[in-house]
Amino acid sequence: MRSLRPLCVCGLLLITGLARAQSNLVLFISDPGDYIGQGLTYTTTNSADFTFSGTLPFVQASAFGYGFTFTGPGGSNLTVGAYTNAARWPFNGSSPGIDVSGNGRGCNVECGSFQILEIHTNASGQVDHFWGVFSNQCECFFAPMNGEIRFNSQLAPPPPPPDTLRVPADYPTIQAAINAAVSGDTVLVSPGTYLENINFMGKTILVESEAGPASTIIDGHQSGSVVTLTSGEGRSSILEGFTVRNGYAFDGGGINVANSSPSIIGNIITNNQACNGCGIDVNFGSPLIQSNKISANISSYSICSGGSGGGLDIGGAASAEILDNEILDNVP
């Protein structure tokens, strides 16, 4: 089991154990009770998954539908060092400015701190190397969000090899292992029935069974989509080798894909209920769906009076690849 070794730097949480040192990184950990992040953890090391821009007085980044802003006190230039008593930008006045918002959530006031570990500009005055950590509280009393942002960092050490997180040997549930995983990791699941609903949370990870779908079951116990991939996952976010059953949701009873393009390979997706995409629902995504058996999924009239896609539903502008699947005995 990975042990997290948080390093406190001037009151900030530098998540070295979880972030695992990358030249490009957006990581934010929303504690339970945080209004903005809703208690979830998001991380990516793929520069294509986030945007970054800035000059010395003003730096901005965005990822997963959230935006992050850091400014110097009173409009002064940001330099390497710690900035305490930061207030909500653009109302920060002579204080350092910080703003964390997105996905329809924002704060009237914010209390935070951040530390610039690296900042450099090119000949045009644009920031081309950056490394910073932050902590922020919405309304100055909600639970905090802690995070780390790196853009073309030249100071971060190279990443160590990826880990294999074993369930249940290292983590009791699949979701607990996903929560602890970082990009490049493998969550390897032993045979058994796991009563849970899992969410990839945007992570570029492989979640696979050790012995195949016949003996490794994720049972959603009719409390939502069994598997959720709605945080911008790409093809390197992979679900492989499970039976996915007993989901119950408006979209994607078995697997719900939205604005994401993961790989779903070699699974049995069965006995799920939904309005749209009872087995798998894809909305504005370009996933790879290959070598799955999608059967006996059914539209539930307790969810809606009419739906589409008993086995699989593809909607929105996208380019999904549907290859070598067996789709049978589904009822839309």
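Residues numbered from 1 in each chain as written. Predicted model: local features only at pLDDT ≥ 70, side-chain atom pairs only at ≥ 80, totals over all residues. Heavy atoms only, no water.

Caption draft 1: Structural view of a nonpolar patch on the surface. A grouping of I314, I322 and I327 is seen on the molecular surface, where their side chains present a nonpolar patch of about 230 Å² in accessible area. Within the fold, I322 resides in strand 32 (residues 321-323). (Patch = residues over 30% accessible without salt bridge, like charges linked within 9 Å, V, L, I, M, F, W, Y side chains within 5 Å. Areas by Shrake-Rupley, 256 points an atom, 1.4 Å probe, with all protein chains shown as cover. Salt bridge = Lys/Arg side-chain N within 4 Å of Asp/Glu carboxyl O. Helix = DSSP H or I, 4+ residues; strand = E, 2+ residues; numbered from the N terminus.)

Caption draft 2: Quick peek at the side chain of E118. The topology assignment puts E118 in strand 10 (residues 110-121). For the buried E118, which has no salt bridge, the nearest side chain bearing the opposite charge is R150, at an N-O separation of 7.5 Å. One polar contact links the side chain of E118 to the main-chain amide nitrogen of Q154, over a distance of 2.9 Å. Among the polar contacts made by the side chain of E118, one reaches the main-chain amide nitrogen of L155 at a distance of 3.5 Å. What E118 contacts, discounting residues up to four positions off in sequence, is V80, H129, F130, W131, S153, Q154 and L155. (Buried < 20%, exposed > 50% of the residue type's maximum accessible area, 1.4 Å probe, protein only. Lys, Arg positive; Asp, Glu negative; His and termini not counted. Polar contact = N/O pair within 3.5 Å; in protein donor to acceptor, adjacent residues only side chain to side chain. Contact = heavy atoms within 4.5 Å.)

Caption draft 3: Here's a closer look at unusual backbone geometry. Residue P90 is bonded to the preceding W89 through a cis peptide linkage, with omega at 10 degrees. Here P90 lies in the loop between strand 8 (81-88) and strand 9 (97-102). Between V167 and P168 the backbone carries a cis peptide bond, its omega angle lying at 5 degrees. Take P168: it is sitting in the loop between strand 13 (164-167) and helix 2 (174-180). At N246, a residue that is not glycine, the phi angle is positive and equals roughly 65 degrees. Looking at the secondary structure, you find N246 in the loop between strand 21 (243-245) and strand 22 (248-251). Given the relative accessible area of 22%, N246 is considered partly exposed.

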